[in-house]
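Examination of the molecular architecture
One-letter residues, chain by chain:
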Amino acid sequence: PCKVWERIPSCNKGLREDFKKGRCVRPRKPRRPRCGALNQRPCKVWERIPSCNRGLVENFARGRCEKPKPLTCGGLNKAPCKLWERVPSCNNGLVENFALGKCVKGPHHREFQLANKKLAEISGVIAQQLNIANRLSNTAAIIQALQRKDKAALARAVKRFIAPRPLVLPGGERLRTVSVGIGSNVKLLVGGSGSAGFALDLTNLHRSPAVYPYFSADYGVNLAVAAGGDLDLGFWSCQANKIGGKAWGIEVGVADIVALGKVAKGLSKFADAVKPGPDIGITLWFDYSNKFQGFTITPGISAGLDFGGYIRGETEVPGGVSC
């Protein structure tokens, strides 16, 4: 090798200095560690991260990389999943009984089952509206029109984003109304929230739609911590002046849907369409006879790390009637 006063670098291009031999040699290709593959040892942290190839998990007891085994926890009367296995520890509608050490039916198990089934059924329709909800929440004209209570300006702004026709659900049911409002939320295990805005007739959105003010309030027990004022986007089966009345709902977050999509049929594609993170809350609403009413999307807020919370709410449309 050339001395430092003769030339830098010490070896020609493509060669390296072998200090032990005192010669310029061709570099050897680094050997790939024999780790991380199926039934191989997990790679050490200085070799590679992650320790196992994609689709494999580290079996700490055997010291080998293996295919993940289907979870047998979280079901009715089964052991709750450990924190490192899955969050939440029990399937939707179930709660962890710490004394018995198993998952049991929660007080609203039937409602959770109904909401879960409906969520899987209409997940494609909801996924199509997620981007619209985000765009509306970041549009100054929408926020300003709501703050000024300017119905005409709101209708003009909404028409830029939402197709002027009813949404048809997979079962043939039509969603005839879109609502846009600003909500305020204060939740810490037990809490409430409210929303005020306007409901617009989807069937006449391309012309001069009928616009009705609405006010809503809800309360419930949620494993969530959330606070702030956020835009609410809702789609309803009733006409714009008939969305009032009492209802119950199941509130979920994107993180909940992604977790649930790994174990629930019909939600895996929906989970693929959204990104994990506490940035969007989704609530499915039903009347007290368990008839589906519609859903709301709230960007910027999440239901937490459990399949939602059971909430009850009431909406009032001045001069309107219930559907």
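For the structure, see preceding data.
Our subject in this report is the structure included herewith.

Below, the discussion takes up the packing of helix H2 (residues 140-148) against helix H3 (residues 151-159). In the contact formed by H2 and H3, the axes pass within 8 Å of each other and the chain directions differ by 160°. When the interaxial angle is binned, H2 and H3 end up roughly antiparallel. The hand of the H2/H3 crossing is left-handed. Of the residues in H3, those touching H2 at Ala141, Ile142, Ala145, Leu146 and Arg148 are Ala153, Leu154, Ala157 and Val158.

For Thr298, the position within the fold is in strand E13 (residues 292-299). Since its relative accessible area comes to 10%, Thr298 is described here as buried. A distance of 2.6 Å separates the side chain of Thr298 from the side chain of Asp232, its partner in a polar contact.

With that settled, the discussion passes to the state of the cysteines. Under the criterion given, the structure shown has five disulfides. Disulfide partner of Cys11: Cys24, at an S-S distance of 2.1 Å. Here Cys11 and Cys24 share a disulfide; its torsion about the S-S bond, -85°, makes the bridge left-handed. Taken together, the residues span a long stretch of sequence, with Cys11 in the segment before strand E1 (16-18) and Cys24 in strand E2 (residues 23-25) at a distance of 13 residues. The class for Cys11 is buried, based on a relative accessible area of 6%. Between the sulfur atoms of Cys73 and its disulfide partner Cys81 the distance amounts to 2.0 Å. The chirality of the disulfide connecting Cys73 with Cys81 is right-handed, given an S-S dihedral of about 95°.

For the rest of this paragraph, the subject is the layout of surface pockets. Here the second largest pocket defines a volume of roughly 450 Å³. Contributing to the lining of the second largest pocket are 14 residues, with Val57, Pro68, Lys69, Leu71 and Glu85 lying nearest its centre. Considering every element that reaches the lining of the second largest pocket, the biggest residue donor is strand E3 (residues 57-59), with three residues. The class makeup of the residues in the lining of the second largest pocket is seven nonpolar, two polar and five charged.

Summed over all chains, the structure comprises five salt bridges. For Glu66, the salt bridge identified is with Arg62, shortest N-O distance 2.2 Å. Given the relative accessible area of 14%, Glu66 is considered buried. Notably, a salt bridge pairs Arg148 with Asp150, separated by 3.9 Å at the nearest N-O pair.

Thresholds, definitions, all that
- Residues numbered from 1 in each chain as written.
- Predicted model: local features only at pLDDT ≥ 70, side-chain atom pairs only at ≥ 80, totals over all residues.
- Heavy atoms only, no water.
- Axes fitted to C-alpha atoms, helices over the stretch in contact; angles between N-to-C directions.
- Helix = DSSP H or I, 4+ residues; strand = E, 2+ residues; numbered from the N terminus.
- Parallel < 35°, antiparallel > 145°, perpendicular 65-115°, else oblique.
- Left-handed = near helix turned anticlockwise from the far one by under 90°.
- Contact = heavy atoms within 4.5 Å.
- Buried < 20%, exposed > 50% of the residue type's maximum accessible area, 1.4 Å probe, protein only.
- Polar contact = N/O pair within 3.5 Å; in protein donor to acceptor, adjacent residues only side chain to side chain.
- Disulfide = S-S within 2.5 Å.
- 1 Å grid on protein atoms, 1.4 Å probe; cavity = no way out; pocket = protein on both sides within 12 Å on 5 of 7 lines; lining within 4 Å.
- Points joined across faces, edges and corners; volume = space filled by probe spheres on them.
- Nonpolar A, V, L, I, M, F, W, Y, C, P; charged D, E, K, R; others polar.
- Salt bridge = Lys/Arg side-chain N within 4 Å of Asp/Glu carboxyl O.

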